[in-house]
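Results of the structural survey
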Amino acid sequence: MLSVIIPAYQEEEMIPITAKTVSEILDGAKIPHELIFVNDGSRDGTWGQIVAAAKTIRGVRGISFSKNFGKEAAMIAGLAYAKGDASVIIDCDLQHPPEKIVEMYGLWQQGYKVVEAVKLSRGKEGVFHRFAAGVFYNIISRATGIDMRNASDFKLMDREVVETILKMPERQFFFRAISAWVGFRSTVVEFEVQERLRGDSKWSLKSLTKYAVTNITSFSSAPLQVVTLSGLVFFVFALILGVHTLVKFLSGAALEGFTTVIMLQLISSSILMLAIGMIGYYVAKIYDEVKGRPRYIVEAETGETDAENHGDL
Ligand code: UDP
Ligand code: MG
């Protein structure tokens, strides 16, 4: 059986459409399946729609978070609840074309453990968004050694891969990269990003920035090395200036140079503060991980129970 995991946040308009479309495509392709909607603490009627879909469409299940935990948490929760031999994650807004699932399923049957869907192009984006995404993916690709530029969360994973990921103890991880990081036999399919049918993108500038910072720091300690590097550069700078100052002093022309002093103060204190802030950020992350809080809290479940579900395994 194939589990389709669909994270949903404020998607009340999309739920019925998505449930119907995905079910019909999979039924048409004769792929035994379940759809797992994860309501990520939406404040609109998303959960009501999921419950309704679970009543009317075969194989639809749903879980509901107690609050908004973010898409990464929703995907992990979906994987934990999935019962299929393979799981595929797809956006609720149908920007990931569901027909691709059939192709991905076929590749899985040929023995691939991970099937990544990569974007042919990045769809419609503003100039700033494009630039910021470019910078982010550059850093992340370097940190992971994997080309992430056109990666998406749309991917199919074998049970074995899912189990491996679920066993990882870290609370915060960057889902897109983790499926490549775990290894296994993998392949890619390409897809064209679709227009969002209803509702709006859930990403604000603030949430995107947070997403970038969290993911860079959870995959790489390079920012800390940047601090060390700037320290080194500054040290060389200090050496040269030190010699210069000494020479001036010895030659009896030492009163000049207040500009230099002020510059030094400004530069060094700002670098120090940046450095402390950066280290503080990592310490805070360690603190978060050490607390070991759950990644998500499930408040409600709906849909077929275990017993009914095993017929088509
Ligand atoms: N999503 C979620 N939790 C969030 C934000 C988004 O589960 O906090 C879901 C959302 O419902 C959708 C998917 O993640 O299914 C992608 O979100 P969106 O379409 O807003 O992102 P974009 O396509 O603009 O990158
Ligand atoms: Mg979208």
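Quantities reported herein were computed from a predicted structural model and do not represent experimental measurements.

**Concerning the coordination of the magnesium ion (ligand 2)**
Only Asp93 (OD) and Gln95 (OE1) from the protein coordinate the magnesium ion (ligand 2), and they sit 1.8 to 1.9 Å from it. A relative accessible area of 3% means that Asp93 is categorised as buried. A relative accessible area of 22% means that Gln95 is categorised as partly exposed.

**Describing unusual backbone geometry**
In this structure, Gln10 is a non-glycine residue whose phi angle is positive, near 55°. By secondary structure assignment, the location of Gln10 is in the loop between β1 (2-8) and α1 (14-28).

**Considerations on the nonpolar core**
Grouped together as the largest cluster of nonpolar side chains are 36 residues, with contacts concentrated most on Val38, Phe136, Ile140, Met157, Ile165, Phe174 and Phe175. Those elements giving two or more residues to this core turn out to be β2 (33-39), β3 (60-65), α3 (71-81), α5 (127-144), α6 (159-167), α7 (175-181) and α8 (205-219). A total of 6 residues in this core trace back to one element, the largest contributor, which is α3. Not counting residues within four places of it along the chain, the set of residues in contact with Phe174 comprises Glu72, Phe136, Ile140, Met148, Tyr211, Asn215, Ser218 and Phe219. Core analysis: the second largest hydrophobic core is formed by 33 residues, Val4, Ile101, Ala117 and Phe154 among them.

**What to know about the packing of aromatic side chains**
Overall, the coordinates contain 6 aromatic pairs when judged by the stated rule. Between Phe136 and Tyr137, the aromatic rings sit 4.8 Å apart at their centres with planes inclined by 65°, giving edge-to-face as the arrangement. Of the residues examined, Phe136 reaches a relative accessible area of 7% and is grouped as buried. Look at Tyr137 and you get buried, because its relative accessible area is 5%.

**Side note on helix α10 (residues 258-291)**
Taking 1.5 Å per residue, 34 residues should reach 50 Å; α10 reaches 49 Å between its end C-alpha atoms and fits that length. When α10 is considered as a whole, its buried residues turn out to be Ala275, Tyr282 and Lys285. Among the structural elements, α8 and α9 (222-250) are those in contact with the buried residues of α10.

**Quick word on the sheet that holds strand β4 (residues 86-89)**
Hydrogen bonds along the backbone pair up the strands of a sheet, which may run parallel or antiparallel. Taken in spatial order, the 8 strands make up an open sheet running β7-β5-β6-β4-β1-β2-β3-β8, and their pairing is mixed. At either margin of the open sheet sits one strand with a lone partner, and together these are β7 (186-191) and β8 (298-303). When the angles between neighbouring strand axes are averaged without regard to direction, this sheet yields 20°.

**Here we look at the pattern of salt bridges**
This structure, assessed with the given rule, holds 9 salt bridges. Residues Lys113 and Glu160 are paired through a salt bridge, measuring 2.6 Å at the closest nitrogen-oxygen approach. Residue Lys113 is found in the loop between α4 (99-109) and β5 (114-119), and its partner Glu160 is found in helix α6; the two are separated by 47 residues along the sequence. Classification of Lys113 by relative accessible area gives partly exposed; the value is 24%. The class of Glu160 is partly exposed, set by a relative accessible area of 39%. Between Arg159 and Glu163 there is a salt bridge; the shortest N-O distance is 3.0 Å. A residue pair is termed a helical-turn pair when its members lie 3 or 4 positions apart in one helix, as Arg159 and Glu163 do in helix α6 at 4 residues. You can call Glu163 partly exposed: its relative accessible area is 35%.

**Description of the side chain of Asp91**
Within the secondary structure layout, Asp91 lies in the loop between β4 and α4. Excluding residues within four positions of it along the chain, Asp91 makes contact with Ile6, Lys71 and His96.

**A look at the confidence of the model for the chain**
Should the pLDDT be low somewhere, the predicted coordinates at that spot are not to be read in detail. Averaged over all residues, the pLDDT of the chain is 83; the fraction at 70 or higher stands at 93%. A low-confidence stretch, residues 306-313 (pLDDT under 50), is modelled with 12 contacts involving residues beyond four sequence positions or located in other chains.

**Quick word on a positive patch on the surface**
Taken together, the side chains of Lys67, Lys206, Lys210 and Arg293 define a basic patch exposed on the protein surface. Residue placement: Lys206 occurs in helix α8. A relative accessible area of 71% places Lys206 in the exposed class.

**Quick notes on the packing of α3 against α6**
Where α3 meets α6, the axes come as close as 10 Å, and the angle between the chain directions of the two elements is 125°. Regarding the angle of α3 to α6, the classification is oblique. The element α3 and its partner α6 pack so that their crossing is left-handed. Across from Ile76, Leu79 and Ala80 in α3, the residues of α6 making contact are Arg159, Val162, Ile165 and Leu166.

About the cut-offs
Residues numbered from 1 in each chain as written. Chains lettered and ligands numbered in written order. Predicted model: local features only at pLDDT ≥ 70, side-chain atom pairs only at ≥ 80, totals over all residues. Heavy atoms only, no water. Donors = N, O, S within 2.8 Å, 3.2 Å for Na, K, Ca; no water. Buried < 20%, exposed > 50% of the residue type's maximum accessible area, 1.4 Å probe, protein only. Helix = DSSP H or I, 4+ residues; strand = E, 2+ residues; numbered from the N terminus. Core = buried A, V, L, I, M, F, W, Y, C linked by side-chain atoms within 4.5 Å. Contact = heavy atoms within 4.5 Å. Phe/Tyr/Trp six-rings, centres within 6.5 Å; stacked < 30°, edge-to-face > 60°. Expected span 1.5 Å × (residues − 1). Pairing = 2+ DSSP bridges. Axes fitted to C-alpha atoms, helices over the stretch in contact; angles between N-to-C directions. Salt bridge = Lys/Arg side-chain N within 4 Å of Asp/Glu carboxyl O. pLDDT = per-residue confidence, 0-100. Patch = residues over 30% accessible without salt bridge, like charges linked within 9 Å, V, L, I, M, F, W, Y side chains within 5 Å. Areas by Shrake-Rupley, 256 points an atom, 1.4 Å probe, with all protein chains shown as cover. Lys, Arg positive; Asp, Glu negative; His and termini not counted. Charge placed at Lys NZ, Arg CZ, Asp CG, Glu CD. Parallel < 35°, antiparallel > 145°, perpendicular 65-115°, else oblique. Left-handed = near helix turned anticlockwise from the far one by under 90°.

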